[in-house]
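Single-letter residue listing:
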Amino acid sequence: MNRNCPTGKNVYRTEREALNDLKRVRHGHSGENLRALNAYQCRACGWFHLGHSHEKIRKQRRAAERKEDRRLRERAEQAGRAIAADERRAAQKVVRELAPIVAAEREWLRLLADQAQSHAENLRAIHRMVDEHFSRRDST
Ligand SMILES: [Zn+2]
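Here the structure is a predicted model, which is why all the values come from computation and not from measurement. (Residues numbered from 1 in each chain as written. Predicted model: local features only at pLDDT ≥ 70, side-chain atom pairs only at ≥ 80, totals over all residues.)

**Q** Explain the environment of Gly-46 to me, please; I cannot follow it from the model alone.
**A** Tracing the sequence through the fold places Gly-46 in the loop between β1 (37-41) and β2 (48-52). The exposure class assigned to Gly-46 is exposed, which follows from the 9 C-beta atoms found within 10 Å. Sequence separation between Gly-46 and Asp-86 is 40 residues; the distance between their C-alpha atoms is 65 Å. (Helix = DSSP H or I, 4+ residues; strand = E, 2+ residues; numbered from the N terminus. Buried ≥ 20, exposed ≤ 12 C-beta atoms within 10 Å, placed from the backbone.)

**Q** What should I look at first to understand the pairing of β2 in this one?
**A** The pairing of β1 with β2 spans five bridges and is antiparallel. Looking at β2, one finds that Leu-37 is bridged to His-52. Turn length for the β1-β2 hairpin, with the two strands adjacent in sequence and antiparallel, is six residues, and the turn residue Gly-46 shows positive phi of about 85°. (Pairing = 2+ DSSP bridges.)

**Q** Explain the confidence of the model for the protein chain here, please?
**A** One rule of thumb: low pLDDT means the predicted coordinates there are not for detailed reading. When pLDDT is averaged along the protein chain, the result is 88; 94% of the residues meet or exceed 70. Here helix α2 (residues 32-36) stands out as the least confident element of the protein chain, with mean pLDDT 69; helix α3 (residues 54-139) is the most confident, with 91. (pLDDT = per-residue confidence, 0-100.)

In C-alpha cells:
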C-alpha cells in the first residue's frame, strides 16, 4: 500500500488517525494556526492529511470581521457619547454665563416696575390736587 502523497504531506489512513495526531500536535500549543488545522481527505492521494480547512478559515475571518465591526461600532458609540457630553457641557456653560445677565434683566424689570408704580402714585396725587383745586373753586 503506497502511503505517499505528491503533496509531500504526512499521510493518515483514516480521519480518526489524523485527528488523533492533530490532538497530539495541539497538546501544549495554542494559537490560530493550530486551531484552524483540520483533518481532510486528499484529492490527490485519497488518504488523510492535516491542513487548513477553508471553511474553518472563512469562519475565523468572518468572526474577525464581526469583532472588528463590533469594535468600530463601540468606538463610534463612545465618540457619540463624548460629543453628547461636550454639547451638554457647552450648554451648561452658556446657562452659567447667561445666569447673571438674566438676573440683571430681572432686577432691571423690577426697577422699571417700581418706577412705573411711583409714576402712577404721582399721577394719582396730581389728579387729587387737580380735583381738590377744582372742587374748591366750584364750591366758592
Ligand atoms: Zn494526499
